[in-house]
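# Coordinates in review
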Amino acid sequence: MTSDHPSTDQWEHVEISRDGHVGQIALSRPEAMNTFSTGLARDLDDALHAFDEASEVRAIVVHGAGETFSAGIDLSEHGDYGTEAEYEEWVMRMEEPFHTLTEIRTPVITAAHGHAAANGIGLVAACDLAVAAEGTQFGATAPKVGLFCMGPAVPLTTTLTRKRCLELLLTGDLIDAETALEWGLLNRVVPEGEHLEAAETLAETIASKSPMAIQSGKETFYEMVEMEYDEALDYSNGRFAALCVTDDANEGIAAFLEGDPLAADEWPDQ
């Protein structure tokens, strides 16, 4: 374990670990169904940044401790504020991880189980890939308490069709994992208890590839999806050309042409 690996002692509401090139972040408020308190949102955001800055980490898995992934925002904090400006500042802190997930270069995979509701479903949608255990329930449930999942709606609109997204947002109803897979919210549904292992397998597959290519590719993807078609093609061509002159490309192509592709630990140091 190298010196730039973050320590779990840094945070109160998440637990972190690392296995090889894969970092793990566990939402760790099981007594509160891993709801997003201000502290959990801050700790999750800080842990994502810390792993992104750790050179040995090439993929991150986010999961929930206890019996559920996350049941949304901690509504017990609602009474701490009184003005619109205070509530806006509060919710901006809650949603900061949604910004971070598309800004960091390290791919992030969700491993969900139990319930992923409100900010929980938003987190699933905001991550690059998502795995869930059979029996997991998903919903944009805020209308049940007089609110609306406006923050989660943003990553949901980039993941689902408009009609599917609005069905979740307007009804507040829960859908099961198989439906979430059919709608495009998930990449995999696996037997109960195997969600973390399945997410780790995806992460290890990503981590075995060129770190430079994966990081640059994720960054390029999130930038070009906001562009018009021709602009995106031109932009992607420039980013591809930049990769062509890297050590990863030079060594990776040479090894492939020699019939012996590079393994995870054979890529050049970043």
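Our structure's up above, just so we're on the same page.
Structure report, in brief.

Here is what the cut-offs are and how they apply
Residues numbered from 1 in each chain as written. Predicted model: local features only at pLDDT ≥ 70, side-chain atom pairs only at ≥ 80, totals over all residues. Heavy atoms only, no water. Helix = DSSP H or I, 4+ residues; strand = E, 2+ residues; numbered from the N terminus. Buried < 20%, exposed > 50% of the residue type's maximum accessible area, 1.4 Å probe, protein only. Polar contact = N/O pair within 3.5 Å; in protein donor to acceptor, adjacent residues only side chain to side chain. Pairing = 2+ DSSP bridges. Axes fitted to C-alpha atoms, helices over the stretch in contact; angles between N-to-C directions. Contact = heavy atoms within 4.5 Å. Phe/Tyr/Trp six-rings, centres within 6.5 Å; stacked < 30°, edge-to-face > 60°. Parallel < 35°, antiparallel > 145°, perpendicular 65-115°, else oblique. Core = buried A, V, L, I, M, F, W, Y, C linked by side-chain atoms within 4.5 Å.

## Quick look at the environment of threonine 171
Looking at where threonine 171 falls in the secondary structure, it is placed in helix α5 (residues 162–171). For threonine 171, a relative accessible area of 39% corresponds to the partly exposed category. Taking the C-alpha atoms as reference points, threonine 171 and lysine 144, separated by 27 residues in sequence, lie 8.9 Å from one another. A polar atom in the side chain of threonine 171 sits 2.6 Å from the backbone oxygen of glutamate 167. Polar side-chain contacts of threonine 171 include one of 3.1 Å to the backbone nitrogen of aspartate 173.

## Some points on the sheet that holds strand β4 (residues 108–112)
Strands sit in the order β1-β2-β3-β4-β6-β9 across an open sheet of six strands; the sheet is mixed. Strand pairing shows two members of the sheet lacking a second neighbour, β1 (14–19) and β9 (188–190), which therefore form its edges. Going across the sheet, the axis of each strand differs from the next one's by a mean of 20°, ignoring polarity. Lying over the sheet, helix α1 (residues 38–53) contacts β1, β2 (22–27), β3 (59–64) and β4, oriented at roughly 175° with respect to β2.

## Re the packing of aromatic side chains
What the rule picks out here adds up to four aromatic pairs. Relative to tyrosine 222, the ring of phenylalanine 221 lies with its centre 5.3 Å away and its plane at 90°, an arrangement referred to as edge-to-face. You can call tyrosine 222 partly exposed: its relative accessible area is 23%.

## So, unusual backbone geometry
Its identity as a non-glycine residue notwithstanding, asparagine 34 has a phi of 55°, on the positive side. Following the sequence through the fold, asparagine 34 ends up in the loop between β2 and α1. Note on asparagine 34: relative accessible area 0%, which makes it buried.

## Some words on the packing of helix α2 (residues 84–103) against helix α3 (residues 119–126)
Two elements in contact, α2 and α3, have axes whose closest approach is 9 Å; the angle formed by their N-to-C orientations is 10°. Judged on the interaxial angle alone, α3 and α2 are roughly parallel. Along its contact with α2, which presents Met94, Glu95, Phe98 and Leu101, the element α3 presents Asn119, Gly122, Leu123 and Ala126.

## Re the sheet that holds strand β7 (residues 137–139)
Pairing in this open sheet of three strands is mixed, and the strands run β5-β7-β8 from one edge to the other. Edge strands, defined here as strands with exactly one partner in the open sheet, are β5 (115–117) and β8 (174–176). Direction aside, the axes of adjacent strands within the sheet are offset by 20° on average. With three bridges joining them, β7 and β8 adopt antiparallel strand pairing.

## Some remarks on the nonpolar core
Judged by nonpolar contacts, the single largest core of 52 residues is most densely connected at Ile25, Val62, Leu123 and Phe138. Per element, the largest residue contribution to this core is seven residues, and it comes from α1. Contact partners of valine 62, with chain neighbours within four places excluded, come to Ile25, Leu27, Leu44, Leu48, Phe69, Val108, Ile109, Thr110, Ala111 and Leu123. If you look at the next biggest cluster of nonpolar residues, it comprises 13 residues, including Val22, Ala59, Ala111 and Ala203.

## Overview of the pairing of β2
Extensive coverage of β2 is indicated by the burial of six of its six residues. Alternating residues of β2 divide into Val22, Gln24 and Ala26 and Gly23, Ile25 and Leu27, and every residue in both groups is buried. Across six bridges, the pairing between β1 and β2 is antiparallel. Bridging from a neighbouring strand, serine 17 pairs with glutamine 24 of β2. Here β1 folds back onto β2, and the loop between the two strands holds two residues, one of which, glycine 20, carries a positive phi near 65°. Bridge analysis of β2 against β3 gives six bridges, and the strand direction is parallel.

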